[in-house]
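Here's the letter readout for the chains.
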Amino acid sequence: MKKMRRVLKMPPCTHLSCVLMLLLLLGRGGLSVCPPMCSCARGHRTVDCSGRGLSLLPDGLQHNIRALNLSRNRLHDLDGKLAHFTHLRALDLSHNRLSRLPAGLPRALWDVHAAGNRLRQLEKNDTAYHWNLRALDLSANQLERVVFINNTLTGLLSLNLSHNKFWTVPTNMPTNLETVDLSHNYLVQILPGSLDRMGRLAQLYLHGNRFAAADGQAFAKLHGLRLLTLYDNPWACEDAEGLRDLLDWMRLTSARILGCPCHTHPVCGEAHLTSTGSWHYTLHPAGADTRRARPSRPPMQAVTSGFLSKSALVIPDPTRPPPGPDGNPAPSRSHHPSLTSTPPTFSTRMSTTPRPRRAGKAGGVGGEAGEGGAGLGVARSRSDGLKAPPPSIIALTVFLTVISLKKF
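Going along each chain's sequence as written, the residues are numbered from 1 onward. For this predicted model, a pLDDT threshold of at least 70 governs which residues receive local features, and a threshold of 80 or more governs which side-chain atom pairs are given and counted, while totals over whole chains, interfaces and linings are taken from all residues. The side-chain quantities take in all heavy atoms of the structure and omit both hydrogens and water.

1. Focus: the overall build of the chain
Piece 1. Think of it this way: any DSSP run of H or I at least four residues long counts as a helix, any run of E at least two long counts as a strand, and we number them from the N terminus. Per the secondary structure count, the chain includes four helices and 17 strands.
Piece 2. Put simply, the chain has 408 residues, and 31% of those count as buried.
Piece 3. Across the chain, the fraction of contacts at a sequence separation of at least 24, relative to all contacts at a separation of at least 6, is 33%.
Piece 4. Total accessible area computed for the chain in this model is approximately 27200 Å², and 56% of it derives from carbon and sulfur atoms. For each residue, the accessible area found with a 1.4 Å probe, counting protein chains only, is set against the maximum for its type, and the residue is called buried under 20%, exposed over 50%, and partly exposed in between. A contact between two residues is defined here by any heavy atoms of the two lying within 4.5 Å. Here, Shrake-Rupley sampling with a 1.4 Å probe gives the accessible areas, and only protein chains in the shown set may cover a residue.

The structure is reproduced here in structure tokens:
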């Protein structure tokens, strides 16, 4: 008994010895730090290992991490290797070499991104137990079919299946989805009833597929639809009967439709604000030419090119200052002919702007010899007629006249 008491009676541990003992009791898990090939934040609970050329899951990850980014690596098999991260909320596996969605993913996940892999199909058990999942991105893979179990993924709001190899719109998609992206696939049809249970669907992207026709009844029960994209599809516009149901539904829906089949407008219809404060888009009548009538070409008012044709030559008057914005002459300054925002007057006729006349053969002052002008050329003006001779000429004429009278 005395020996037992001696064994239990231990000296009090110092601060350092207690810490070391605690770490030894916790084992290697307590020594976990951020892996050297990753970067960590928020107490090592947000881990970024993207673009590191990893082919295996890095060691040293804490079990309580909440966000893990493994994108742009060379991972090809993660089955069962992520199950123990029970607090994980966001997982990014995009742009790796995965041929299937890893089995045993944590059930606490909210967001899963697996775009740009080699996925060929999604089995029902791959997502059967992920009740908390809100966003699933499987774009840019090789998916030909996905299988969802009824009444599963009840929290899923966004599903991205774009840039895959679907021929028909997947059936049994989760009923509470608000956004579905099926753009850039090989879709040619929507099976009846495929979208009937998706009353909360607000955005549906179907552009960039191979639709030649579609039944408007496929969208009839999408009461919450706000946006539908249909452009970049080879619609069979010559088959008016095959598109009648779709166009009839489009006239009644309040959703905005981008890429109206067989119409030239990118948006089907004009937007009108209703009395309830919502926007309503009215489809243009089927078969009508929705191209807006081109207005008659207005007369040329300005030239924006540096080149002027011969029929539009402008010869400015160097003696007049350019007109101001109000049409009145602007203050005099050195003016060079140039193209301005003030439209000049163009004419195919010869310009009537006065030009100085060439010097005559017998004249000396810029004009032809006048009638009885003794060889002195006098320039004519279009508005003032003959100009008065200069005073020196008048004085010389008077002097010669007086001398001739004295001789007589």
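Once you've had a look at it, read on.
2. Quick notes on a nonpolar patch on the surface
Piece 1. On the surface, Leu396, Phe399, Leu400 and Ile403 cluster together to form a nonpolar patch covering roughly 380 Å² of accessible area.
Piece 2. Relative to the assigned elements, Leu400 resides in helix H4 (residues 391–407).
Piece 3. Since its relative accessible area comes to 51%, Leu400 is described here as exposed. In this scheme, patches are assembled from residues that exceed 30% relative accessible area and form no salt bridge. Like charges are connected within 9 Å, while nonpolar side chains (Val, Leu, Ile, Met, Phe, Trp, Tyr) are connected within 5 Å. Counted as salt bridges are all cases of a side-chain nitrogen of Lys or Arg within 4 Å of a carboxyl oxygen of Asp or Glu.

3. Some details on the nonpolar core
Piece 1. Counting 66 residues, the largest nonpolar core has Leu204, Leu206 and Phe219 as the members making the most contacts within it.
Piece 2. The biggest single contributor to this core is helix H3 (residues 240–252), with five residues. For the purposes of this section, nonpolar cores are sets of buried Ala, Val, Leu, Ile, Met, Phe, Trp, Tyr and Cys residues that join through side-chain atoms within 4.5 Å.

4. Topic: the pattern of salt bridges
Piece 1. Applying the stated rule across the entire model yields four salt bridges.
Piece 2. Close ionic contact of Arg145 with Glu123 constitutes a salt bridge, the shortest N to O distance being 3.8 Å. With Arg145 in strand S8 (residues 145–146) and Glu123 in the loop between strand S6 (121–122) and strand S7 (135–137), this residue pair connects regions lying 22 residues apart in the sequence.
Piece 3. Classification of Glu123 by relative accessible area gives partly exposed; the value is 30%.

5. Digging into the state of the cysteines
Piece 1. By convention in this document, the label disulfide applies to cysteine sulfur atom pairs within 2.5 Å. Counted by the stated rule, this structure contains three disulfides.
Piece 2. Linked covalently through their sulfurs, Cys38 and Cys49 form a disulfide whose S-S length is 2.0 Å. As the torsion about the S-S bond is roughly 105 degrees, the Cys38-Cys49 disulfide counts as right-handed. Of the two residues, Cys38 is situated in the loop between helix H2 (15–26) and strand S1 (39–41) and Cys49 in the loop between strand S2 (46–48) and strand S3 (67–69); the sequence distance between them amounts to 11 residues.
Piece 3. For Cys49, a relative accessible area of 0% corresponds to the buried category.

6. Some words on the packing of aromatic side chains
Piece 1. Under the pairing criterion, centres of Phe, Tyr and Trp rings, with the six-membered ring standing for Trp, must be within 6.5 Å; the plane angle then separates stacked pairs below 30 degrees from edge-to-face pairs above 60, leaving the rest tilted. Applying the stated rule across the entire model yields four aromatic pairs.
Piece 2. Judged by centre distance (6.3 Å) and plane angle (80 degrees), the rings of Tyr129 and Trp131 are edge-to-face.
Piece 3. Between the NZ or CZ atom of Arg134 and the centre of the ring of Trp110, over which it lies, the distance is 4.2 Å. Put simply, a charge is over a ring when the Lys NZ or the Arg CZ is close to the ring centre, within 6 Å, and near the line of the ring normal, within 35 degrees.

7. Details of the environment of His223
Piece 1. The topology assignment puts His223 in the loop between strand S11 (203–205) and strand S12 (227–229).
Piece 2. Considering only alpha carbons, one finds His223 and Asp196, 27 residues apart in sequence, at a separation of 9.8 Å.

8. Observations concerning unusual backbone geometry
Piece 1. In this model, Arg72 sits at a positive phi of 55 degrees, which is unusual for a non-glycine residue.
Piece 2. The backbone phi angle of Asp232 is positive, close to 60 degrees, even though this residue is not glycine.
Piece 3. Topologically, Asp232 is positioned in the loop between S12 and H3.
Piece 4. Residue classification places Asp232 among the exposed residues on the basis of a relative accessible area of 55%.

9. Some details on the sheet that holds strand S4 (residues 90–92)
Piece 1. Pairing within the open sheet is mixed, and its 11 strands lie in the order S1-S2-S3-S4-S5-S7-S9-S10-S11-S12-S13. The open sheet is flanked by S1 and strand S13 (256–258), the only strands paired with a single partner. Strand-to-strand twist across the sheet, computed as the mean angle between neighbouring axes with direction ignored, equals 5 degrees.
Piece 2. A pair of strands counts as paired when DSSP detects no fewer than two bridges linking them. Looking at chain direction, S2 and S3 are connected through three bridges and run parallel. Looking across to S3, one finds that Asp48 is bridged to Asn69. Angular values range over 0 to 180 degrees, each being the angle between N-to-C directions of two axes fitted as lines to C-alpha atoms, with helices fitted over their stretch in contact.

10. Brief notes about the environment of Gly259
Piece 1. Counting through the fold element by element, Gly259 comes out in the loop between S13 and strand S14 (270–273).
Piece 2. With 30 residues separating them in the primary sequence, Gly259 and Thr229 have C-alpha atoms 6.1 Å apart.
Piece 3. For Gly259, the residues in contact, after removing those within four places along its chain, are Leu230, Tyr231, Pro266 and Cys268.

11. Points about empty space enclosed by the protein
Piece 1. Within this scheme a cavity is a closed region of a 1 Å grid, computed over the protein atoms alone, that accommodates a 1.4 Å probe without allowing it to escape, whereas a pocket is open but has protein on both sides within 12 Å along at least five of seven lines; lining residues each have an atom within 4 Å of a point. Grid points are joined across faces, edges and corners, and a volume is the space filled by probe spheres set on the points. Under the counting rule described, the total for this entry stands at one cavity of 30 Å³ or more.
Piece 2. Looking at the largest cavity, its volume works out to about 40 Å³.
Piece 3. Lining of the largest cavity is provided by Leu101, Leu105, Leu109, Val112, Thr127, His130 and Leu133.
Piece 4. Think of it as three bins: nonpolar holds Ala, Val, Leu, Ile, Met, Phe, Trp, Tyr, Cys and Pro, charged holds Asp, Glu, Lys and Arg, and polar takes everything else, Gly as well. Grouping the amino acids of the lining of the largest cavity by side-chain chemistry returns five nonpolar, two polar and no charged.

12. Quick word on the environment of Ser158
Piece 1. Turning to its location among the elements, Ser158 is positioned in strand S9 (residues 158–160).
Piece 2. For the pair Ser158 and Glu178, spaced 20 residues apart in sequence, the C-alpha to C-alpha distance is 6.1 Å.
Piece 3. Excluding anything up to four places from it in sequence, Ser158 contacts Arg134, Ala135, Leu136, Leu177 and Thr179.

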